[in-house]
Amino acid sequence: MTARTARGGARATLAAALITGVAACSAPGSAAGGGADAAVVGIANEPETLSPLLGYGKDGNSKIFDGLLTHDADMKLKPALAEALPEVSADGLTYTYRLRRGVKFSDGAPFTAKDVVFTYRTILDAKTNNASKTELDAIAEVEEQGPDAVVFTLKYPYAPFAERTVLPIAPEHIAGRQDVNSGEFTAKPVGTGPYVLAAWSRGEKLSFTANPAYWGGEPAVKKFTMAVIKDDDVRATRLRSGELDAAILPPDLAKGFKDDKARTTYAAKSFDYRNVTLPTHHPVTGDPAVRQALDIAVDRTTMVDKLLAGAGKPAYGPVPTGSPWFTAGTERAYDLDRAKRILDDAGWKAGEDGIRARDGVRASFPLWYTSGDKIRQDHALAFASDAKKAGIEVKTESGTWEVIEPRMKTDAVLAGGGSPADPDFDQYLLLQSSLGGDGFNNMARYDNRTVDRALDDARRSGDPAVRKAAYDTVQRELVKNPGYVFLTHIDHLYVVNDKWVGLTTQVEPHDHGLGAGPWWNVESWKPEQK
Amino acid sequence: MNTRPARSPRLPWGPMARMAGRRTLLALPVLLAVTFGVFAVAELSPFDPVKAYAGTAGLTASQAELDQLRANLGVDRPLSGRWWDWLTSALTGDLGTSSVMRRPVAEVIAERLGWSALLAATAFAVAVLAGTALGVLAARRRGGPLDRVVSSLAYTLEAAPAFWLGLLAIWFFSVHLGVLPSGGLSDAGSDAVTADQVVRHLVLPALVLGLSQLPWFFLYVRQGVADALDEDPVRGARARGIGERRVLLGHGLRAGMLPMLTLIGSRVPELITGALLVETVFSWPGIAAATVQAATSVDFPLLAALTVLATAAVLAGNLLSDLLYGLADPRVGFDG
């Protein structure tokens, strides 16, 4: 054997040893979530920022921060950094919050009223690039009243205001010293919450460690990691391979875990609706008869069964049927014959190709959906096929919001939305005529005096009975003159390893924040006793 | 005994440096034009930076709020002004703020560039080394079983998207065999980025990216070496009883390497595109993923900086391959 081949042989052995060594230390299990006090969850979307000043965690449930208030499992408000729910003045214009004492930020600095005032004033500042600023429109002024109290003064009585105060409080002594739009705080947040950010590797994962000094008690799950995995299939694969303890999955992939003995699928009920806008300024969709006919010509139950694999509910308005705000009796059954009669009576006569027309106007309109969104595409196609049975032609087209937006005044759009905290949040923006065409608000330019008045009454009155009656009026008006055809409310599906007890889901909004999913309260999870 | 002409052991540093200098001077106007092009193309694109910035929150924001954002982000100003401002501040070392990452561009790039470079360099090494070795072996017995198997595999790989290869690799190595992690830079449950973790997590993405580049090198080397083996000098050498190993490596490989050296430079853009898909599949926190986000969000500062980087990488790749070519074949020389 020559020297050269001997060397080659040695090299090959070394290489083999390296490879097997590599394989040996990566045996499955070592990669999985670790012990019972660690959890790794797979999420689809990464936040752009972790700064509450730029919109992170505005709906509550941020792991790093606390708001003045927070929600329990039933979405009822409960105190967090405030020691009690706010005192509201009789005219509904002043909200006073007494603050919890002894709370510290994770860097050890005390939390005070100054931080609250700083947070709200910074968000409202025109120079702060916070796109959700509109949500705090009602605030005229926020002031401290001694170190332990904060007073909000509103421009108009706004009943759901307390719901807005779940937004996280940032520390003035850190965030106040940097550029709010791009400072280090946007990626290295410091808060009062149950977890402290340990590392954020963008595009890969966010990892958190339990905050031992958390005012609510140190969490049992000591280490919490959110792995960012955009692709649905990869997320399902990594869940199966044991690298993830839990993941959000679309219905078709969640089905694959149905018979898994070691994992449970959680279906979070949601306010997340899909609807079709019926633009008031289009000759066909603007006609109340066409709107009414379309509203009962769609087969919502079949959509839920076929498009969502059963994970959802038929939607008759922005309020889901299971909500206490839903007006019983406004459910509309699928009734194609009645839809046809309504169109006949209104003078829409079927032509040779089966499509109706009236006074030379063909019953046809375009319907846009955002390209690449499969669920919206499926809904759009199902809607078009149902409409055709009633003699109305719906031409589906796809595009980005940039393409769709200039056409929203006259073209129908397959839209989505939903916010569970208060009916005002959705409905005011969706239906108030004065907001017609304001950004993406009231896309259909719905214009109904009765609805306008009811929406205003509902937001100004502090009396729950008055509010309920007002939203009942809105929902009944939507039956008579729909501005939108609501199709479905979509359940969000999560598959979780059975390592913990007492998991629940909250009612979820359209927007998937980091706080949605069974890990909305990961700080309260307990390991399963074996 | 000695079949090669005697050569000076010293490298021609002078001509090499002159070529590098000339190319660098030429690169400046190219880079300038490219950045302006990026601003112009982004301006024409249908994407709206304000909508991208606002995300879902933009769907409930009032028009006044969106207008304020537009002004804050400075995207309502004319194209040339924006480009000039970017350029002048970039020259003073301030690359601006990325709107999509909410961070200074320099930090975004510093955070991610290293990981992309590691991935690309490893993949490139895999592709070049394995491609060359297989190419020489295949050329040695053209039409033999090894040649036929590897060649058909190479054509298949050439057609296979890197994305699909990645999913296949995850399925086989992570799910089926359970021997390699399927994504990320380190185990999902651990915070520390240690060397051994990175090595383990690098295996699959680098292998997939390397494999997707391998066919080009393999096919070039195979053809080059095979052609060289058919030439007279080789036949002469064989006739004089020179060992097969020396014929193969001394003649065949040296001649076959030439076209491949040009290839190295020209594969750089391909490598960047490939890295994009691979980084997405494997949740690799590199720069490629940020590039897509920057492009679809019309994030001018980030996009411009990344384009400068990519252009520089391509220009440097070309320079490198020309330098190597000049070294391997002194007849080619260094420019001019």
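Residues numbered from 1 in each chain as written. Chains lettered and ligands numbered in written order. Predicted model: local features only at pLDDT ≥ 70, side-chain atom pairs only at ≥ 80, totals over all residues. Heavy atoms only, no water.

Named according to an unreviewed UniProt entry, chain B is ABC transporter permease originating from Streptomyces vinaceus. Recorded under Subcellular location (unreviewed entry), the UniProt text for chain B is reproduced unchanged: "Cell membrane". You can read under Sequence similarities (unreviewed entry) in the UniProt record for chain B the words "Belongs to the binding-protein-dependent transport system permease family." (UniProt positions renumbered as here; feature names shortened; annotations may be inferred.)

The name recorded for chain A in an unreviewed UniProt entry is ABC transporter substrate-binding protein, from Streptomyces vinaceus. According to the UniProt record, the Sequence similarities (unreviewed entry) comment for chain A reads "Belongs to the bacterial solute-binding protein 5 family." Its UniProt record gives chain A the following Subcellular location (unreviewed entry) comment, quoted word for word: "Cell membrane".

**Q** Which parts of the structure should I look at to understand the packing of aromatic side chains?
**A** For any two aromatic rings, the description comes down to two numbers: the centre-to-centre distance and the angle of the planes. In total, this model carries 25 aromatic pairs over all chains according to the counting rule given. Ring geometry for A:Y494 and A:W519: centres 5.3 Å apart, planes at 85 degrees, overall edge-to-face. Of the two residues, A:Y494 is situated in strand β22 (residues 492-497) and A:W519 in the loop between β23 (500-501) and β24 (526-527); the sequence distance between them amounts to 25 residues. The same class applies to A:Y494 and to A:W519, which are both buried. Both rings, one in B:F39 and one in B:W86, keep their centres 5.9 Å apart while their planes meet at 50 degrees; by these two values the pair is tilted. Of this pair, B:F39 sits in helix α1 (residues 13-44) while B:W86 sits in helix α4 (residues 79-91); the two residues are 47 residues apart in sequence, bridging distant segments of the chain. Taken as a pair, B:F39 and B:W86 share a single burial class, namely buried. (Phe/Tyr/Trp six-rings, centres within 6.5 Å; stacked < 30°, edge-to-face > 60°. Helix = DSSP H or I, 4+ residues; strand = E, 2+ residues; numbered from the N terminus. Buried < 20%, exposed > 50% of the residue type's maximum accessible area, 1.4 Å probe, protein only.)

**Q** So what exactly am I meant to see when it comes to the pattern of salt bridges here?
**A** A side chain with one charge can pair with a side chain of the opposite charge if their charged atoms come near. One pass over the full model with this rule turns up 39 salt bridges over all chains. A salt bridge links B:K51 to B:D48, with the shortest nitrogen-to-oxygen separation between them at 3.1 Å. Of the residues examined, B:D48 reaches a relative accessible area of 10% and is grouped as buried. For the salt bridge of B:R222 with B:D147, the shortest nitrogen-to-oxygen distance reads 2.6 Å. Of the two residues, B:R222 is situated in helix α8 (residues 195-229) and B:D147 in helix α6 (residues 145-159); the sequence distance between them amounts to 75 residues. Residues joined by salt bridges that share partners form a network here, namely A:K58, A:D59, A:E135 and A:R164. (Salt bridge = Lys/Arg side-chain N within 4 Å of Asp/Glu carboxyl O.)

**Q** Explain the domain arrangement of chain A to me, please; I cannot follow it from the model alone.
**A** A common measure of how large an interface is: the accessible area buried when the components associate. All names here are of chain A. Under the domain assignment used here, chain A contains domain 1 (11-46 + 202-269 + 492-527), domain 2 (52-183) and domain 3 (273-490). The gap between the C-alpha centroids of domain 1 and domain 2 is 30 Å. Every contact between the two is made by 16 residues of domain 1 and, on the other side, 14 residues of domain 2. Interface area, domain 1 with domain 2, both sides summed: about 1200 Å², of which 60% is carbon and sulfur. For the domain 1 face of the interface with domain 2, the top three residues by lost area are W215, Q506 and W520, together amounting to 47%. Inspection of the region where domain 1 meets domain 2 yields one salt bridge. For the pair domain 1 and domain 2, the interface holds eight residue pairs in polar contact (both at pLDDT 80 or more). Among the residues forming the side of domain 1 that touches domain 2, the class breakdown is nine nonpolar, six polar and one charged. (Domains from an automatic or database assignment. Contact = heavy atoms within 4.5 Å. Buried area = accessible area lost by both parts, 1.4 Å probe. Polar contact = N/O pair within 3.5 Å; in protein donor to acceptor, adjacent residues only side chain to side chain. Nonpolar A, V, L, I, M, F, W, Y, C, P; charged D, E, K, R; others polar.)

**Q** For this particular structure, what's the right way to read empty space enclosed by the protein?
**A** Left-over empty space is what a probe sized like a water molecule reveals as it rolls over the atoms. For the coordinates displayed, the defined rule picks out six cavities of 30 Å³ or more. A volume near 530 Å³ is recorded for the largest cavity. Surrounding the largest cavity, 30 residues form its lining, A:G417, A:G418, A:D426, B:L59 and B:T60 being those nearest its centre. Every element with two or more residues in the lining of the largest cavity is listed here: β13 (273-277), β20 (412-417) and α12 (423-431) of chain A. When residues in the lining of the largest cavity are grouped by element, the largest group, four residues, is from α12(A). Residue classes in the lining of the largest cavity are distributed as 12 nonpolar, 11 polar and seven charged. (1 Å grid on protein atoms, 1.4 Å probe; cavity = no way out; pocket = protein on both sides within 12 Å on 5 of 7 lines; lining within 4 Å. Points joined across faces, edges and corners; volume = space filled by probe spheres on them.)

**Q** Explanation requested: the UniProt feature "transmembrane region" (unreviewed entry) in chain B in the structure shown.
**A** Residues and elements named next belong to chain B. Here the UniProt-annotated "transmembrane region" (unreviewed entry) positions come out as residues 113-138, 159-179, 199-221 and 302-320. Secondary structure across residues 113-138 divides into 100% helix and 0% strand, with the first and last C-alpha atoms of the span separated by 36 Å. Helix makes up 100% of residues 302-320 and strand 0%, and the two end C-alpha atoms of the span are 27 Å apart.

**Q** Before we go on, may I ask you to explain the UniProt feature "domain: ABC transmembrane type-1" (unreviewed entry) in chain B in this structure?
**A** The UniProt record marks residues 113-321 of chain B with the feature "domain: ABC transmembrane type-1" (unreviewed entry), using the residue numbering of this structure. Helix makes up 81% of residues 113-321 of chain B and strand 0%, whereas the separation of the span's terminal C-alpha atoms amounts to 22 Å.

**Q** I'm lost on the interface of chain A and chain B in this one. Help?
**A** On the chain B side, the residues contacting the 57 residues of chain A number 53 residues. Both faces combined, the contact of chain A with chain B buries some 4700 Å², and carbon together with sulfur accounts for 52% of it. It is A:N129, A:R202 and A:E402 that lose the most area in chain A upon contact with chain B, and together they represent 14% of the buried surface on that side. Inspection of the region where chain A meets chain B yields one salt bridge.

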